[in-house]
Amino acid sequence: MVDVTKWPIFSLMAPEELPSIRKACVFGSSANEAIYITNDDEVFVFGLNCSNCLGTGDSQSTIVPKKLDFLSGRKVVSLSYGSGPHILLATDDGELFAWGHNGYSQLGNGTTNQGVAPVVVSANLISKRITEVACGSHHSMALTNLGEVYAWGYNNCGQVGSGSTANQPTPRRVSSCLQNKLAISIVCGQTSSLALVDNGEVYGWGYNGNGQLGLGNNGNQMSPCRLVGLQGVCVQQIVSGYAHSLALTDEGLLYAWGANTYGQLGTGNKSNQLSPLQILTEKERVVEVAACHSTHTSAAKTQSGHVYMWGQCRGQSIVLPHLTHFSCTDNVFACFATPSVMWRPLSVEHDDFLTVAQALKKEFDNPETADLKFCVDGKYIYVHKAVLKIRCEHFRSMFQSHWNEDMKEVIEIDQFSYAVYRAFLQFLYTDNVELSPEDAIGLLDLATSYCEDRLKRLCQHIIKRGITVENAFSLLSAAVRYDAVDLEEFCFKFCMNHLTEVTQTTAFWQIDGNLLKDFICRASRCGAFKN
């Protein structure tokens, strides 16, 4: 499952809110806006709100997700964003909604007024069922269930496919050589458009200065033209970057063409390519390819699950496909694209599958599956011998040697409190510790006794975060007692910084006489008692 928090903007959300997300998209010139759909088909937005792209009805930014009530209960099937940004959203009943930047009529409502909230795009689309949408920088496209392609908005390079360069204020069907074709997919570059038809042919139109239409030349096209360079292959997926394009065939072959300033074609150089060129020829079958009109990054996934990236990656130009450790192409854009937008709306599938770590966490203190229990302060803690042996040398020795405890079903613990011992056992299952600084002193004692160095460091961290004037000297005493040198130094410095207040606390005067003498001597050496 892809983790949406790989995109920094989603780290604003509380962990308990994330499981409600079914689909999400991060967009914007700096990846500072996001939209997500919940399992209940509620639509939420948050972020910077450039050009009213959040659709909240105002121009205010928000770090708290806001619900778009107008879209509540509508099942989203396709979503795309432009550079303004403007947003297109299609629902499963075939309706099309648009909002955001509208300086070039890319919202399709016949005006150039900003779209502050989602509005149905109906002009020339009455009775049409929209199944897919795509946005370029400032132009829009929609695909119907009958394979018809509609386009509108900015048309300075012919990207609307109307045969002219006049802006198109409302949806217009792209005809010409697509008239009798059944389109199955549409994508946009910044100022170019591509359509894939059911027989595997690809058609392109719009800006072609870098060869992104793959026609063998760099002349703009006002109407769709077939990419003859792909003749003889059956394309099943197309994507477009800022000014480059990629096509994947049904045989798993990958072709690239267009701009190559950052090595986004993966050809090993930075020369533009006017016609489709096969890449990744030495690799195994490719099953997915990824690009996005707002980046110069490319990615591909192979049959065995290997993910490659190339192009502009965190400012570097990667001219050949580079093998990553990622499991999906989406993560390439989260971690390496500039901006770190999503190349497609991300479907987040939540199922009942648990990772090993999640399963262990769930089974801690579960009497139904446990084969051992500890009795502390008259209360039981249920555990599994195998887990304890794997995670802790102390228990490995206990259960593999001739200790009396090896044969027992209940082990009595009297040297530590219930809270401390339970926290220790829970740490073995989760790697986390949740205790107050005072209880963490007891756990520090246990960690020292059981030679658990990592747990010892965690306890010291908890104690440092919870130090106060009232407990500072008690914590210093514990640090000395358990030979926690770093913690001792930290507590001593805190006491020195608040010397007057600390020496007036009860803990200071109840401390062991020798420790008190050592503290006074050390404080004196640090100049605490100079006139």
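Just so you know, these numbers come straight off a predicted model, no measurement behind them.

Quick notes on the rules
Residues numbered from 1 in each chain as written. Predicted model: local features only at pLDDT ≥ 70, side-chain atom pairs only at ≥ 80, totals over all residues. Heavy atoms only, no water. Core = buried A, V, L, I, M, F, W, Y, C linked by side-chain atoms within 4.5 Å. Buried < 20%, exposed > 50% of the residue type's maximum accessible area, 1.4 Å probe, protein only. Contact = heavy atoms within 4.5 Å. Phe/Tyr/Trp six-rings, centres within 6.5 Å; stacked < 30°, edge-to-face > 60°. Helix = DSSP H or I, 4+ residues; strand = E, 2+ residues; numbered from the N terminus. Lys NZ or Arg CZ within 6 Å of the ring centre and 35° of its normal. Pairing = 2+ DSSP bridges. Axes fitted to C-alpha atoms, helices over the stretch in contact; angles between N-to-C directions. Salt bridge = Lys/Arg side-chain N within 4 Å of Asp/Glu carboxyl O. UniProt positions renumbered as here; feature names shortened; annotations may be inferred. Parallel < 35°, antiparallel > 145°, perpendicular 65-115°, else oblique. 1 Å grid on protein atoms, 1.4 Å probe; cavity = no way out; pocket = protein on both sides within 12 Å on 5 of 7 lines; lining within 4 Å. Points joined across faces, edges and corners; volume = space filled by probe spheres on them.

Attention shifts here to the nonpolar core. Formed by 61 residues in total, the largest nonpolar core has its most connected members in Phe10, Ile21, Ile35 and Leu254. When residues no more than four places from it in sequence are discounted, the contact partners of Phe10 are Val4, Thr5, Leu18, Ile21, Ala24, Val26, Ala34, Tyr36, Phe46 and Met342. Within the second largest apolar cluster, 58 residues are counted, among which are Val433, Ile441, Cys459 and Cys491.

Going through the model one piece at a time under the given rule, you end up with 25 aromatic pairs. Summarising the aromatic geometry, the rings of Tyr421 and Phe424 are spaced 5.7 Å apart at their centres and angled 65° between planes, so their arrangement reads as edge-to-face. Highlighted residues: Tyr421 and Phe424, both in helix 5 (residues 418-430), separated by three residues, approximately one helical turn. Take Tyr421: its relative accessible area is 0%, and that puts it in the buried class. Here the aromatic residues Phe374, Phe395, Phe399, Phe416, Tyr421, Phe424 and Tyr450 are joined through ring pairs into a cluster of three or more. Against the face of Tyr380 rests Lys373, its NZ or CZ located 4.4 Å from the ring centre. Lying across the ring of Tyr418, Lys379 places its NZ or CZ 4.2 Å from the centre.

Moving on to the sheet that holds strand 12 (residues 168-173). Strands sit in the order 9-10-11-12 across an open sheet of four strands; the sheet is antiparallel. Looking at the sheet topology across the chains shown, the edges are occupied by strand 9 (130-135) and strand 12. Adjacent strand axes in the sheet meet at a mean angle of 15°, parallel and antiparallel pairs treated alike. Sheet topology places strand 11 (residues 149-153) next to strand 12; three bridges connect them, and they run antiparallel. Note that in strand 12 the partner of Gly153 across the bridge is Gln168.

Under the definition given, this model contains 17 salt bridges. Note that Arg344 is salt-bridged to Asp330, the shortest N-O span being 2.9 Å. Here Arg344, found in the loop between helix 1 (329-335) and strand 25 (346-347), pairs with Asp330, found in helix 1; they are 14 residues apart in sequence, far enough to count as distant. The exposure class assigned to Arg344 is partly exposed, which follows from its relative accessible area of 27%. Across the salt bridge formed by Lys493 and Glu489, the nearest N and O atoms sit 4.0 Å from each other. Here the residue Lys493 and the residue Glu489 both occupy positions in helix 9 (residues 485-497), the gap between them amounting to four residues, near one helical turn. Judged by relative accessible area, Lys493 falls into the partly exposed class, the value being 47%. What makes Glu489 partly exposed here is its relative accessible area of 33%. Among the ionic contacts, a cluster of salt bridges with common partners joins Glu488, Glu489, Lys493 and Arg522.

Our focus in this paragraph is the UniProt feature "repeat: RCC" (unreviewed entry) in the protein. The UniProt record annotates "repeat: RCC" (unreviewed entry) at residues 41-92, 94-146, 147-199, 200-251 and 252-303. Helix makes up 0% of residues 41-92 and strand 44%. Its end C-alpha atoms lie 11 Å apart. Helix makes up 0% of residues 252-303 and strand 44%. Its end C-alpha atoms lie 9 Å apart.

With that settled, the discussion passes to the packing of helix 7 (residues 453-465) against helix 9. One can describe the packing of helix 7 onto helix 9 by two numbers: an axis separation of 10 Å at closest approach and a directional angle of 5°. One way to sum up the angle between helix 7 and helix 9 is to call them roughly parallel. Across the interface between the two elements, Gln460, Ile463 and Lys464 of helix 7 pack against Asp486, Leu487 and Phe490 of helix 9.

In this section: the layout of surface pockets. The volume enclosed by the largest pocket comes to roughly 570 Å³. If you trace the largest pocket, you find 26 residues lining it, with Glu132, Ile186, Val187, Trp343 and Arg344 closest to the centre.

Moving on, we come to unusual backbone geometry. Gly84 connects to Pro85 through a cis peptide bond whose omega is 0°. Structurally, the position occupied by Pro85 is in the loop between strand 5 (76-81) and strand 6 (86-91). Of note, the bond from Thr338 into Pro339 is cis; its omega dihedral lies within 30 degrees of zero at 0°. As for its position among the elements, Pro339 is in the loop between helix 1 and strand 25. One non-glycine residue, Ala31, lies in the positive phi region at around 55°. Residue placement: Ala31 occurs in the loop between strand 1 (21-27) and strand 2 (33-38). Residue Ala31 is classed as buried on the basis of its relative accessible area, which comes to 8%.

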